[in-house]
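# Structure assessment
Take a look at the letters that make up each chain.
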Amino acid sequence: HVQLVESGGGSVQAGGSLRLSCAASGRTYSKWCMGWFRQVPGKEREGLATIDSRGITAYADSVKGRFTISKDNVKNILYLQMNSLKPEDTATYYCAAKVAMTYEDCNPTGTFSYWGRGTQVTVS
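In this report, we go over the structure that sits alongside the text. The structure presented is a predicted model; accordingly, all values stated were derived computationally and were not measured.

## A closer look at the state of the cysteines
This structure, assessed with the given rule, holds two disulfides. Cys22 shares a disulfide with Cys95; S-S distance 2.0 Å. Between Cys22 and Cys95, the disulfide has an S-S torsion of 55° and is therefore right-handed. With a gap of 73 residues between them, Cys22 in strand S3 (residues 18-26) and Cys95 in strand S9 (residues 91-99) connect regions that are remote in the sequence. Here Cys22 and Cys95 have matching classes, each one buried. A sulfur-sulfur distance of 2.0 Å marks the disulfide that ties Cys33 to Cys106. When the S-S torsion is 85°, as for the bridge of Cys33 with Cys106, the disulfide is right-handed. With a gap of 73 residues between them, Cys33 in strand S4 (residues 32-39) and Cys106 in the loop between S9 and strand S10 (114-115) connect regions that are remote in the sequence. Residue class for Cys33 comes out buried when judged on its relative accessible area of 0%. Assessed through its relative accessible area of 9%, Cys106 is described here as buried.

What counts, and where the lines are drawn
Residues numbered from 1 in each chain as written. Predicted model: local features only at pLDDT ≥ 70, side-chain atom pairs only at ≥ 80, totals over all residues. Heavy atoms only, no water. Disulfide = S-S within 2.5 Å. Helix = DSSP H or I, 4+ residues; strand = E, 2+ residues; numbered from the N terminus. Buried < 20%, exposed > 50% of the residue type's maximum accessible area, 1.4 Å probe, protein only.

This is how it looks when you write it as structure tokens:
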């Protein structure tokens, strides 16, 4: 079992930056995939970025070049650095994880097993 807790959300002006954090706890795994998703009420959940235990990252076109996913493997914290924020980035942001998976499935369109409760990001 993996527990995920997001933090770092808030309100920011367009063009600004935020860094989201996701603290992971539970068993440690040698093979894993973690990602960031966001959702606006009434819309489908959107995968943004993933990183796997090899350090390979993948990004959705909507955030490519603006968002950076990273992982502190010592502290077991997943980060999403968000720059050049736009009003359309306003959403609830979730971190997610899966373990013992196929690396090919570690991408923003993949399915994940563990989810945090989310953190709100508002861009005005």
